[in-house]
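A closer look at the structure
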Number of protein chains: 2
Amino acid sequence: MPWELDSDRPIYTQLMEQIELKVCAGLYPPGGRLPPVRELAREAAVNPNTMQRALAGLEESGLLYTRRTSGRFVTENQDMIRAVKSRLVREHTRDFLNKMGRLGFTHPEILEAVSSLMEENKNE
Amino acid sequence: MPWELDSDRPIYTQLMEQIELKVCAGLYPPGGRLPPVRELAREAAVNPNTMQRALAGLEESGLLYTRRTSGRFVTENQDMIRAVKSRLVREHTRDFLNKMGRLGFTHPEILEAVSSLMEENKNE
DNA sequence: CTCACTGTATTAGTTAACTAATACAATGAT
DNA sequence: ATCATTGTATTAGTTAACTAATACAGTGAG
């Protein structure tokens, strides 16, 4: 299946986010090998150069590393992965609180809104 | 002060969001007149054409309307404004739950994360 | 009437993102 | 040794977003 890509932000940014997410979720386990650039690009329905750029970005941050001719791998450093995950949690939560706050919601009201939407989607 | 603009998404989209937000928050009250395009553009530190595009978008959705030579106004239809606000709340909450879910968080864990970040920022 | 102010339209130019099509070098299996 | 596979680099072309600089038309106050 093609990846969920939004047309209103740079593709390579979204690719970085999605790969980061897959690593945090354990879909690409620590030390594990990723599919080749060309295959990832095909999978995401994206030009290989774009995927290459996304991967290079994640490599810069240390989450991935390359063995020149044998493939690209997830870091074995589980602490780093945990740190990325924590960062994402904080960012998402902070952004959410910020957006709701700007809409005039108080903290208790926010909790209420979250709970009620959870109730609605209990089945998932 | 210049508006909070992110460089990784189209400016006019962000302008639309921010104006929408100001309307929902009552900063631009129902039926009220907005500042002229040129002034809004100056305020946001953006080219007038870009601001014009954003405003045209919001007009298309019905949230704003124009009296050709005397200015641009917020709709008097308070139900529409309430509807927009509800939509935003739902979208933000849904997105947040989705992101946290992908990171492997259960519903109780999400509530916990929100509460704890609220505690941290009680002062705001 | 005149003039400043309103929204709108047009034309041109810049830049970044993305696609496309290759080419190269290193490795490892056969 | 050969050859397919790996990541990487290069060059070119397209498109959308944004800026820039004007020009136009209607309105309302003086």
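Just so we're clear, the structure is a prediction, and the values are computed from it rather than from any experiment. (Residues numbered from 1 in each chain as written. Chains lettered and ligands numbered in written order. Predicted model: local features only at pLDDT ≥ 70, side-chain atom pairs only at ≥ 80, totals over all residues. Heavy atoms only, no water.)

1. Details of the overall build of chain A
Selection criterion: Secondary structure is summarised from DSSP: a helix means a run of H or I of at least four residues, a strand means a run of E of at least two, and numbering begins at the N terminus for each. Taken over C-alpha atoms, the radius of gyration is set against a globule rule of 2.2 Å times the number of residues to the power 0.38. Using a 1.4 Å probe on the protein chains alone, a residue whose accessible area is under 20% of its type maximum counts as buried, one over 50% counts as exposed, and one in between counts as partly exposed. Between two residues, a contact is recorded if the distance between any of their heavy atoms is within 4.5 Å.
Helix and strand counts for chain A stand at five helices and two strands. Mapped from its N terminus to its C terminus, chain A presents α and β elements in the order α-α-α-β-β-α-α. The C-alpha atoms of chain A give a radius of gyration of 18 Å, which is well past the 14 Å a tight globule of 124 residues would have. Dimensions of chain A, computed from C-alpha atoms along their principal axes, come out at roughly 55 × 35 × 30 Å. Residues counted as buried form 36% of the 124 residues belonging to chain A. Within chain A, contacts between residues separated by at least 24 positions form 48% of all contacts whose residues are at least 6 apart in sequence.

2. Quick look at the domain arrangement of chain A
Residues and elements named next belong to chain A. Applicable threshold: Those domain boundaries reflect an automatic or database domain assignment. Buried area is understood as the total, over both parts, of accessible area removed when two parts are fitted together, assessed with a 1.4 Å probe.
The assigned domain composition of chain A is domain 1 (11-76) and domain 2 (79-120). Relative to domain 2, the C-alpha centre of domain 1 lies at a distance of 27 Å. Contacts between domain 1 and domain 2 engage nine residues on the former and six residues on the latter. Both faces combined, the contact of domain 1 with domain 2 buries some 620 Å², and carbon together with sulfur accounts for 78% of it.

3. Some details on the packing of aromatic side chains
Selection criterion: The rule is short: rings of Phe, Tyr and Trp, with Trp giving its six-membered ring, pair when the centres are within 6.5 Å, and they are stacked under 30 degrees, edge-to-face over 60, tilted in between. Definition used: whenever NZ (Lys) or CZ (Arg) falls within 6 Å of the ring centre and also within 35 degrees of the ring normal, the charge is taken to sit over that ring.
For the structure shown, the criterion picks out three aromatic pairs over all chains. On the basis of an interplanar angle of 20° and a centroid distance of 5.7 Å, the ring pair of Y65(A) and F73(A) is categorised as stacked. When its relative accessible area of 24% is taken as the criterion, Y65(A) is described as partly exposed. Ring geometry for F96(A) versus F96(B): centroids 4.4 Å apart, planes at 0°, classification stacked. Taken together, the residues span two chains, with F96(A) in helix 4 (residues 78-102) and F96(B) in helix 4 (residues 78-102). Across the pair, exposure class does not vary: F96(A) and F96(B) are buried alike. Between K22(A) and the ring centre of W3(A), over which it is positioned, the NZ or CZ distance is 4.2 Å. Of note, R67(B) hangs over the ring of F73(B), and the distance from its end group to the ring centre comes to 4.8 Å.

4. A word on the protein's contact with DNA strand C
The test is simple: The nearness test applies per residue and asks whether one of its heavy atoms lies within 4 Å of the molecule or strand. Counted as a polar contact is a pair of N or O atoms within 3.5 Å, where, for protein atoms, one must be capable of donating a hydrogen and the other of accepting one, and residues adjacent in sequence contribute only when both atoms are in side chains.
Near DNA strand C, the surroundings consist of 20 residues, among which P10(A), I11(A), T50(A), T69(A) and R72(B) are the closest. Backbone atoms, meaning sugar plus phosphate, form 67% of the atoms of DNA strand C positioned within 4 Å of the protein. Within the contact set of DNA strand C, a phosphate oxygen lies 3.4 Å away from a backbone nitrogen or oxygen of Y12(A). Note that a sugar or linking oxygen of DNA strand C is positioned 2.8 Å from one of the backbone N or O atoms of R68(B).

5. Topic: the pattern of salt bridges
Filter applied, for reference: The rule for a salt bridge is simple: a side-chain nitrogen of Lys or Arg has to be within 4 Å of a carboxyl oxygen of Asp or Glu.
Across all of its chains, the model carries 16 salt bridges over all chains by this definition. One salt bridge in this structure joins R102(B) and E4(A), with 3.0 Å as the shortest N-O distance. Of the two residues, R102(B) sits in helix 4 while E4(A) sits in the segment before helix 1 (11-24), which places them in two different chains. Overall, the relative accessible area of 34% leaves R102(B) in the partly exposed class.

6. Digging into the protein's contact with DNA strand D
We apply this condition: Each residue receives one of three labels: charged for Asp, Glu, Lys and Arg, nonpolar for Ala, Val, Leu, Ile, Met, Phe, Trp, Tyr, Cys and Pro, and polar for the others, Gly being one of them.
The immediate surroundings of DNA strand D are formed by 20 residues, with R72(A), P10(B), I11(B), T50(B) and T69(B) found nearest. The share of sugar and phosphate among atoms of DNA strand D within 4 Å of the protein is 65%. Contact distances for DNA strand D include 3.5 Å between a phosphate oxygen and a backbone N or O atom of Y12(B). For the surface near DNA strand D, the secondary-structure elements that each account for two or more residues are helix 2 (37-44), helix 3 (48-60) and strand 2 (71-74) of chain A together with helix 1 (11-24) and helix 3 (48-60) of chain B. Looking at which element gives the most residues to the surface near DNA strand D, the answer is helix 3 of chain B, with three residues. Broken down by class, the residue content of the surface near DNA strand D amounts to five nonpolar, nine polar and six charged.

7. Considering the interface of chain A and chain B
Every contact between the two is made by 33 residues of chain A and, on the other side, 33 residues of chain B. In total, chain A and chain B occlude about 3,200 Å² of area from one another, counting both sides; carbon and sulfur atoms represent 72% of this. It is R102(A), L103(A) and M118(A) that lose the most area in chain A upon contact with chain B, and together they represent 22% of the buried surface on that side. Taken together, the connections running from chain A to chain B amount to four salt bridges. The residue R90(A) makes a salt bridge to E120(B) at a minimum N-O spacing of 2.6 Å.

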